[in-house]
Structures are given as structure tokens and as C-alpha cells.
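This is what each chain is made of:
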Amino acid sequence: MTRSFPASFLWGSATAAYQIEGAAAEGGRTPSIWDTYSHTPGKTLNGDTGDVAADHYHRWPEDIAIMQQLGLQAYRFSISWSRVQPGGRGPLNAEGVAFYRGLVEALVAAGIRPVVTLYHWDLPQELEDEGGWANRETAYAFAEYARLMARELGDAITVWTTLNEPWCSAYLGYASGVHAPGRTEPAAALAAVHHLNLAHGLAATAIREELGEDAQLSITLNLHVIRPDDPSSEADQDAVRRIDGLANRVFLDPLLGAGYPQDVLDDVAHVSDFSFVQDGDTALIAQRLDVLGVNYYSTTRVRAFDGEGEPEQADGHGNSSATPWVGTEGKVEFVQQPGPYTAMGWNIDPQGMHDLLMRLHREHPGVPMMITENGAAFHDVVSADGAVRDRDRTQYLHDHIDAVGRAREDGADVRGYFVWSLLDNFEWGYGYDRRFGVVRVDYDTQQRVVKDSGWWYAQLIATGSLPAHDAIAPGPVHPR
Ligand code: IFM
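1. Remarks on the pattern of salt bridges
Then step 1. In total, this model carries 42 salt bridges according to the counting rule given.
Then step 2. Notably, a salt bridge pairs Asp355 with Arg227, separated by 2.5 Å at the nearest N-O pair. Of this pair, Asp355 sits in helix H13 (residues 350–363) while Arg227 is found in strand S6 (residues 225–228), placing the two residues 128 residues apart along the sequence.
Then step 3. Asp238 serves as the salt-bridge partner of Arg242, at 3.9 Å between the closest nitrogen and oxygen. Of this pair, Arg242 and Asp238 both sit in helix H10 (residues 234–255), separated by four residues, roughly a single helical turn.
Then step 4. When its relative accessible area of 31% is taken as the criterion, Asp238 is described as partly exposed.

Spelled out as C-alpha cells, the structure:
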């Protein structure tokens with residue numbers, strides 16, 4: 001049976017400022033934590049930085065033309081805070097604001113809905129110098145920035161996403177240190193979790209004060225699908241509970257009005273007493289969500305650690321010296337998953353997408369969802385004729401979008417899907433070595449080539465029905 005989606009289902013693609021814009025020192029932009037981190041020797045593969053990236057800052061008209069060719073209905077991008085408000089406080093930078101103004105107006109004119117993310121990991125460096133997300137003041141600065149952006153762009157934006165994947169900002173940035181700012185301070189990571197949640201609540205409030213109750217508010221979470229190694233083992237089930245608490249419930253529960261889960265507070269009591277949570281914070285965080293952004297790529301498998309030797313750390317986020325899983329040391333092991341794998345080493349498991357959406361539907365009924373990221377990195381090969389016949393990526397997209405369709409048919413309220421990513425881009429610690437785009441970027445010439453997966457996606461958008469994974473028709477198609 002061919003999987004079909006209603007005409008109201010929103011099809012888009014996603015990117016993020018530091019990963020594609022480049023122009024790091026142009027137009028009044030000041031450094032963010034990712035500029036500092038990527039310029040620190042040894043932090044990124046091959047020493048790659050986002051200085052030039054996909055040069056989207058100069059090539060955005062061409063990129064919008066590609067979106068039109070693909071028939072995209074929406075485009076999810078992020079604003080570089082230090083481009084529009086250098087230093088993260090004080091007056092706006094007119095040149096930076098003008099860049100985004102031009103972008104969103106061109107998108108609207110092209111019939112593509114702008115879905116904005118206010119924070120995709122690039123904190124102005126000055127705010128990190130004052131403590132970063134471990135400092136409560138950062139949440140207030142973020143809310144002020146959000147208010148100013150609502151004032152500047154409010155007439156054109158379809159959905160306001162406050163944060164992208166606060167799990168990564170907090171735990172990879174402050175606990176394992178494999179992301180900027182590269183700190184390995186577990187207690188600071190937990191403070192960051194709370195201040196990111198608070199930042200979301202304060203920003204949502206500020207945006208609604210500026211734009212009224214109709215403003216569509218969202219946050220994007222990279223929710224984890226965690227499986228027990230041995231489902232019949234109570235100890236493994238408890239390992240799942242611990243990781244689920246840190247990965248999912250410590251965000252979902254406060255955002256959706258239930259406050260911090262007591263079992264998580266108990267689990268991490270030896271690291272932090274959560275005294276950074278002040279009276280009134282839980283109410284501030286729990287602002288109405290018009291849509292929950294869900295990012296899904298792969299699954300995680302855990303078991304209780306038996307204390308023998310070194311615990312396995314096959315979660316794709318750890319390294320030998322530090323782990324993002326604050327407070328679980330000596331208790332939980334991350335087990336290698338069965339393949340196949342993408343070039344990130346992440347396992348491919350479309351059933352995980354269905355499981356995740358059904359869990360959210362069951363536990364949080366009435367919260368509409370959008371898949372704000374899903375996609376795969378593979379080591380693409382450019383054929384002699386210049387085409388990129390990325391069958392592996394097309395298969396991945398086919399199987400995961402099929403799982404989204406199945407979840408919808410099973411009752412989950414999923415309203416859109418954004419492929420990660422429109423363009424090959426700066427994949428953080430992996431630099432330019434991992435390519436997620438449905439459009440190839442030649443980093444020497446900045447030439448763009450739509451990959452077969454991009455043309456396949458265009459057919460899906462044009463017809464509203466899932467094409468077979470090998471039904472590739474290169475070239476623009478006519479939108480429905
Ligand atoms: O590239 C990232 C993106 O910035 C956030 N979500 C996961 C993607 C792939 O790693």
C-alpha cells in the first residue's frame with residue numbers, strides 16, 4: 001500500500017546558521033561559542049570551522065531557488081544570535097537583522113513558510129564568558145533577544161522554535177565537552193538543563209507578549225528511543241528509566257507542566273541539589289506548546305553495568321574520558337546496536353520513529369508534533385555525470401517517512417516533516433566530513449547539486465504519496 005499524507009501536511013527541510021552561513025566575521029557578527037570551539041586545535045575533525053561553511057550568507061537567493069525546485073513548503077533555519085545582537089545584549093545590529101529580513105521576505109514571496117529556530121547552539125561568546133547556560137542570566141538575555149526578533153520578524157514567521165535540542169547544548173556542551181563550549185562539569189550541565197528550560201519559557205512568554213496568543217510556539221527536542229538490552233531484566237529496565245529521565249523527561253515533563261521528575265532528582269542528587277530552580281520557575285517553563293518539534297535519527301540500547309571492567313559507551317556521544325550522561329557513571333552501559341549504520345555510526349531503525357511518536361501520542365495526547373529533523377549522513381559518491389545517486393539516503397528517508405505515516409494512521413498528531421538537511425554542511429565536531437544534505441555542496445567551488453534523494457523528496461511533496469525508494473526522476477516536478 002502506498003503511504004499518503006493529507007494536503008495540510010507540511011513538507012520542508014532544515015538547516016542551522018553556524019552550519020551553513022559562513023561569513024563569520026561579516027556584517028557586524030561577533031564570535032559565538034562555536035567559533036571559539038572550532039578554532040581551538042583538536043576540537044573538530046581536520047580543524048574544520050564554520051568560517052565559510054556553505055556560504056549561504058551570500059548564496060541564499062540560489063538556495064531559495066533550489067527549495068522552489070524541490071517544491072518545499074516550509075524552511076526551518078536558525079538565527080545567529082551574535083549576528084543580530086553582537087555580544088548577546090544591547091542594541092540590534094541592523095545589518096544582521098536585514099539579512100534575515102531579506103531571507104524571510106524572499107521565502108514568503110516564494111511561497112515557502114519560514115520556521116525559525118532562535119537558538120541552534122551558537123551562544124554569543126560574551127555570554128559564555130559570564131557563565132553561559134550554567135548562569136541564570138543567560139535565560140533572561142535569551143528572552144530579550146527573542147522579544148526583539150519577534151518585533152523585527154513577527155509578521156513573516158510561521159512557527160517560532162525557541163531552542164534546538166537543549167539536550168546537546170547542556171550535556172554535550174557542559175558535561176562531555178564534545179560540543180562548544182567544551183566544558184566537562186556535570187553540575188554545570190544540570191544547571192544548563194534548567195536554564196535552557198527557563199529560557200524557553202521566558203522567550204515563549206516574550207514572543208506572545210509581542211505578537212499575541214496566535215503566535216505559534218515550539219521547541220525542538222532530540223528525544224531518545226531507549227531500549228533495554230534484556231527486556232526481561234529489571235536492572236536493564238531501570239537503566240532505561242535513568243537514561244530516559246536525563247534524555248527525555250527532564251525536558252518534556254517541565255515543558256508540559258509536570259515539573260522535574262522526582263526520580264531524576266534522586267538519581268543525580270550526588271551531582272546537584274537543583275537549588276538553581278527558583279520559586280515560580282516551573283510555571284514559567286510550562287508555556288502552551290502549539291507544536292512539539294521532534295528530531296529523530298537512531299536508537300539507544302542500555303543495560304545495567306555489572307561493575308566488571310570498563311563500561312561500554314556505544315551511545316555515539318561519549319568519549320573515553322567524559323560522558324554526557326550525568327550521574328549514571330558506574331550504573332549504565334551503552335551497548336552497540338545492530339546495524340546497518342550511517343556514516344555517523346548511528347544505527348538505522350525506522351521502527352524507532354514510530355515507537356517515539358506513539359509514545360508521545362500516548363503520554364502527551366493533545367500536543368501536535370512536527371518532525372523537525374530526520375535524515376542521514378553517508379559518504380556520497382559523485383558520478384561521472386555529476387549526479388549523486390544516494391540510494392542509501394533515499395532508502396533511509398523512505399523508511400522513516402513511511403514510519404511517520406504509519407504513526408499518523410495509528411493516531412499520532414504529526415503535522416509536518418523537515419528533512420535534515422537541505423545542504424551538506426558543517427557537522428559540528430565532524431566538520432565537513434559527514435554529509436547530511438539532499439543537496440550536495442562542493443566546498444571548493446560552493447556549487448550545489450541536487451542529489452537523487454532530493455529529487456525523490458520532491459516527488460513525495462508533489463504527490464503527497466510516498467514514492468518507491470528507487471523511484472527517482474531527476475529534475476523539477478510540478479507541485480500539487
Ligand atoms: O547536524 C545536526 C543538527 O545540527 C542537530 N541535529 C542533529 C544533526 C545531525 O547530527
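2. Remarks on the site of the ligand
Then step 1. Taken together, Gln19, His120, Trp121, Asn164, Glu165, Tyr297, Trp346, Glu373, Trp420, Glu427, Trp428 and Phe436 make up the full set of residues adjacent to the ligand.
Then step 2. Contact distances for the ligand include 2.7 Å between an oxygen atom and a side-chain N or O atom of Gln19.
Then step 3. A distance of 2.6 Å is found between an oxygen atom of the ligand and a side-chain nitrogen or oxygen belonging to Glu427.

3. Things to note about the sheet that holds strand S8 (residues 299–304)
Working definition: the strands of a sheet are paired by backbone hydrogen bonds and lie parallel or antiparallel to each other.
Then step 1. Overall, mixed pairing links the three strands, which are arranged S6-S8-S9 in an open sheet. Bordering the open sheet on either side are S6 and strand S9 (332–334), each of which pairs with just one other strand. If you compare each strand with its neighbour and ignore which way they point, the axes differ by 40° on average.
Then step 2. Sheet topology places S8 next to S9; three bridges connect them, and they run antiparallel. Bridging from a neighbouring strand, Arg303 pairs with Glu333 of S9.
Then step 3. Against the sheet, H13 touches S6 and S8, its axis set at about 105° to S6.

4. Describing unusual backbone geometry
Then step 1. Residues Ala180 and Pro181 are joined by a peptide bond in cis, for which omega reads 5°.
Then step 2. Counting through the fold element by element, Pro181 comes out in the loop between helix H8 (166–174) and helix H9 (186–211).
Then step 3. The omega torsion of the bond from Gly339 to Pro340 falls at 0°, within 30 degrees of zero and hence cis.
Then step 4. With respect to the helices, strands and loops of the structure, Pro340 is situated in the loop between S9 and H13.
Then step 5. Located in the positive-phi region is Asp55, a residue other than glycine, with phi close to 55°.
Then step 6. Residue placement: Asp55 occurs in the loop between helix H2 (33–38) and helix H3 (56–70).
Then step 7. For Asp55, a relative accessible area of 11% corresponds to the buried category.
Then step 8. Located in the positive-phi region is Glu165, a residue other than glycine, with phi close to 50°.
Then step 9. Residue placement: Glu165 occurs in the loop between strand S4 (159–164) and H8.
Then step 10. You can call Glu165 buried: its relative accessible area is 6%.

Reading guide: rules and limits
- Residues numbered from 1 in each chain as written.
- Predicted model: local features only at pLDDT ≥ 70, side-chain atom pairs only at ≥ 80, totals over all residues.
- Heavy atoms only, no water.
- Salt bridge = Lys/Arg side-chain N within 4 Å of Asp/Glu carboxyl O.
- Helix = DSSP H or I, 4+ residues; strand = E, 2+ residues; numbered from the N terminus.
- Buried < 20%, exposed > 50% of the residue type's maximum accessible area, 1.4 Å probe, protein only.
- Near = heavy atom within 4 Å.
- Polar contact = N/O pair within 3.5 Å; in protein donor to acceptor, adjacent residues only side chain to side chain.
- Pairing = 2+ DSSP bridges.
- Axes fitted to C-alpha atoms, helices over the stretch in contact; angles between N-to-C directions.
- Contact = heavy atoms within 4.5 Å.

So far we have only geometry, and geometry alone does not tell us how the molecule works.
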